[in-house]
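# Coordinates in review
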Amino acid sequence: MSTFEVREGKLSPYYNHFMDYAFHDCTATDTRLMGVVALRATWQSKEDSDKYLVQLIHLDFSEYGIDEYAEYFFDRNGTKKNVREELEPMWRRISGSLGGKEVEIDYPLMHALIREVLATNEKYAARHREDIREFREKTLFRIRQMEEACRVASEEADSITDEADTITDEAMSRVCPKHLTTFETINYFLMRLAEHDLRGAAYLTTIQTDELAKLPMLTSRMATLMLNRISTYSIKQREKYLAERKAKPAPEYEGKETFYHLKFIHQAQEVYYYGEAEITISYPGGDAAKKITEFRVSFYHEISEYEAALQLRRPEYVTVYRCKVPAGALDVERSSFISDAQQTVSPNGVLYLLYMRDNRHVNTPHYYMDQDLYGAYLLTLNDEFILMSRDLSRITMMEYDVEGGILGSELEHVGSYRFEQPIFREFASSRGLRFDDMVLQTEDDDPEDDE
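Overview of the structure. Computed from a predicted structure; not experimentally measured. (Residues numbered from 1 in each chain as written. Predicted model: local features only at pLDDT ≥ 70, side-chain atom pairs only at ≥ 80, totals over all residues. Heavy atoms only, no water.)

Turning our eyes to something else, we now look at the nonpolar core. Core analysis: the biggest nonpolar cluster contains 83 residues, and Leu39, Trp43, Leu59, Ile105, Met110, Ile114 and Phe295 have the highest contact counts within it. The element best represented in this core is helix α2 (residues 107-122), accounting for eight residues. Among residues more than four places away in sequence, those in contact with Ile105 are Phe23, Cys26, Ala28, Leu39, Met110, Leu113, Arg174 and Val175. In terms of nonpolar packing, the next biggest core, distinct from the first, is built from 21 residues, Tyr352, Tyr374, Leu379 and Leu387 among them. (Core = buried A, V, L, I, M, F, W, Y, C linked by side-chain atoms within 4.5 Å. Buried < 20%, exposed > 50% of the residue type's maximum accessible area, 1.4 Å probe, protein only. Helix = DSSP H or I, 4+ residues; strand = E, 2+ residues; numbered from the N terminus. Contact = heavy atoms within 4.5 Å.)

Glancing now at the environment of Thr120. Looking at where Thr120 falls in the secondary structure, it is placed in helix α2. The class for Thr120 is buried, based on a relative accessible area of 17%. Here the alpha-carbon distance between Thr120 and Ser62, two residues 58 residues apart in the chain, equals 6.9 Å. Not counting residues within four places of it along the chain, the set of residues in contact with Thr120 comprises Phe61 and Ser62.

Relative to the 18 Å expected for 13 residues at 1.5 Å per residue, helix α5 (residues 182-194) spans 19 Å between its end C-alpha atoms, a close match to the ideal helical length. By the criterion of burial, α5 is predominantly enclosed, with 12 of the 13 residues buried. Among all positions of α5, only Thr182, Glu184, Thr185, Ile186, Asn187, Tyr188, Phe189, Leu190, Met191, Arg192, Leu193 and Ala194 are buried. One or two steps after α5, the chain reaches His196, where phi turns positive at roughly 60°. (Expected span 1.5 Å × (residues − 1).)

Our focus in this paragraph is the packing of aromatic side chains. Evaluation of the coordinates by the stated rule reveals 15 aromatic pairs. Their ring planes at 75° and their centres at 5.3 Å tell us that Phe18 and Trp43 sit as a pair that is edge-to-face. Placement of the pair is Phe18 in the segment before β1 (21-29) and Trp43 in strand β2 (residues 36-45), with a sequence separation of 25 residues. The class for Phe18 is buried, based on a relative accessible area of 1%. (Phe/Tyr/Trp six-rings, centres within 6.5 Å; stacked < 30°, edge-to-face > 60°.)

A few words now on the sheet that holds strand β8 (residues 271-282). Pairing in this open sheet of five strands is antiparallel, and the strands run β9-β8-β7-β6-β13 from one edge to the other. What marks the edges here is a single partner per strand, and that holds for β9 (291-303) and β13 (366-368). Between one strand axis and the next, the sheet turns through 15° on average, direction left out of account. Looking at chain direction, β8 and β9 are connected through 11 bridges and run antiparallel. Opposite Glu278, over in β9, you have Arg296 as the bridge partner. In the packing of α5 onto the sheet, the strands contacted are β6 (224-232), β7 (257-268), β8, β9 and β13, and the crossing angle to β6 comes to about 145°. (Pairing = 2+ DSSP bridges. Axes fitted to C-alpha atoms, helices over the stretch in contact; angles between N-to-C directions.)

Structure, rendered in structure tokens:
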């Protein structure tokens, strides 16, 4: 007796398209130590080599797991070729702000990275908003379909395996920047500890994972490294530290150690923590293979928002223009700078965030979290165009870009300001507020109007 079988059509959201495709390649950003990695996986049709399925995946190794996911189908010779016009800007958006380089990785490593963030996210998923949980469920469904298709392919052709659920240091190095400096090693280590990312921290140290888990920042809330000041020990401080230390260096480290004192701030939502620590960097395999061999926290305690603000305070440089045309008619992306910026909608207009193209800000003895932001632009509801940067030379370059280009004829320069207290974020979040109203409310501004 014949039986009926119901099968999903290719237009069904439940159809497993990955069964029709074979894994081709994957591009990743080498930004694992920043706690994020962008993946671009390409799958080639088994029936038509000109047809592709592309996944864009943004991995967060703290609590959100996969926090962006998109799929694109296109045919190199067909009507869907124009999908690339949407795919490429999307890839630039999720990968460009990470400041890393693009590297090629295989399917086992790609799969292992995905499994790692999903396992991390599992611990925090229940406390997220409903829309985030719904996005997670839809994404998980597609990831499971991808895994199923690869298991079938592995059984049929023995060409793909998804066995690598443990990432070795050798595999990890594919998605980490090469030849880290001492400052990068220390700052990345504090970032990973703040975000409870033991795997990321373990890559930088010889300290055992169970010992890392006992550190104060691992037993408090998940946080973000906002500030870190690194100072080298003087000869006297070094001698005192060596006399007090309990652990003796292994023979391979003898004479190959440097010692630093750290002062740092972690932020966990509205709570701030101030910490001080001593850290030892050793070079068992030469300068390119430096590792953290000791990390001793001497102080770690919650501080007030006011105390944190005093230490985190940096000036904001703001330039204000008045639009000669309605804001909606101003094509700001004609600016070469803004064309590379990330666009978001804020309560007071459209916000464009321009990030550095690399992560050089990590290679500094005085690290600030927001140093990766080159500058920001806000096209307001009141036909104002606002530029902001924390660096005077950068705001100057942003002004040259705007005034020297096509936009210059459509904007009228109002004034340039230096604010000791940050005001730009509050202004962007205040619907309908005019900038001169904000200036009147701010007592610490230092105008440098050149009109």
